[in-house]
Amino acid sequence: PGARGAKARYTARHAYAGPDEAKKVAGSKAKALERESITTSVAIEGSPTAKAGRPFAYAGVRPGVDGIPFIIEEAGHSFSKGQSYRTAIKGKLKV
């Protein structure tokens, strides 16, 4: 995994009708690859609204992280005597 903005190479295995179609497909694939490569996971105080498919962003963490949009892929909710209600979130970059 490289840093955000790092260049990578992907070779399409299909022929396209023309340059416009090829550029459209390439842009779509680039977004999908970026989304798959940038992930996050965090445990927070319980949040019943956290569920798969919902957007979220960090706030108050640090510059460069705050405000980056993610989509929740998994949200697990748990209760325990020692930590009360917690939510574990796994997410991917929203592109």
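Please read these numbers as outputs of a predicted model, since none were measured by experiment.

*Asks:* So what's going on with the pattern of salt bridges? Which residues, and what values?
*Replies:* Considering all chains together, one arrives at one salt bridge under this definition. Between K92 and E73 there is a salt bridge whose closest N-O contact spans 4.0 Å. Of this pair, K92 sits in strand β4 (residues 84-93) while E73 is found in strand β3 (residues 69-80), placing the two residues 19 residues apart along the sequence. Its relative accessible area of 40% is what places E73 among the partly exposed residues.

*Asks:* Can you tell me about the sheet that holds β3, naming the residues and giving the values?
*Replies:* Taken in spatial order, the four strands line up as β1-β4-β3-β2 in an open sheet, and their pairing is antiparallel. Edge positions in the open sheet fall to β1 (39-45) and β2 (55-57), since each of these has one partner strand only. Neighbouring strand axes in the sheet, compared pairwise and without regard to direction, differ in orientation by 40 degrees on average. Alignment of β2 against β3, held across three bridges, turns out to be antiparallel. Following the sheet pairing, P55 is matched in β3 by I71.

*Asks:* Tell me about the packing of aromatic side chains, residues and numbers included.
*Replies:* According to the stated counting rule, one finds four aromatic pairs in the structure shown. Here the aromatic rings of F56 and Y58 are separated by 5.7 Å at their centres, their planes lie at 80 degrees, and the arrangement is edge-to-face. Residue F56 is classed as buried on the basis of its relative accessible area of 17%. Looking at Y58, the relative accessible area reads 17%, which means it is buried. On the basis of an interplanar angle of 25 degrees and a centroid distance of 5.6 Å, the ring pair of F56 and F70 is categorised as stacked.

*Asks:* Which residues make up the environment of R86, and what are the values?
*Replies:* Mapped onto the elements, R86 comes out in strand β4. Classification of R86 as partly exposed rests on a relative accessible area of 27%. Separated by 41 residues in sequence, R86 and E45 have C-alpha atoms that sit 4.8 Å apart. Ignoring anything within four residues of it in the chain, the contact list for R86 reads A43, I44, E45, G46, G76, H77 and S78. Reaching out from R86, the side chain makes a polar contact with the backbone oxygen of A43 at a distance of 3.5 Å.

*Asks:* Lay out the environment of I44 in plain terms, naming residues and giving numbers.
*Replies:* For I44, the location among the structural elements is in strand β1. When the C-alpha positions of I44 and T87 are compared, they lie 5.4 Å apart, and in sequence the two are 43 residues distant. Excluding its chain neighbours within four sequence positions, the residues that come into contact with I44 are R86, T87 and I89.

Definitions and cut-offs
Residues numbered from 1 in each chain as written. Predicted model: local features only at pLDDT ≥ 70, side-chain atom pairs only at ≥ 80, totals over all residues. Heavy atoms only, no water. Salt bridge = Lys/Arg side-chain N within 4 Å of Asp/Glu carboxyl O. Helix = DSSP H or I, 4+ residues; strand = E, 2+ residues; numbered from the N terminus. Buried < 20%, exposed > 50% of the residue type's maximum accessible area, 1.4 Å probe, protein only. Pairing = 2+ DSSP bridges. Axes fitted to C-alpha atoms, helices over the stretch in contact; angles between N-to-C directions. Phe/Tyr/Trp six-rings, centres within 6.5 Å; stacked < 30°, edge-to-face > 60°. Contact = heavy atoms within 4.5 Å. Polar contact = N/O pair within 3.5 Å; in protein donor to acceptor, adjacent residues only side chain to side chain.

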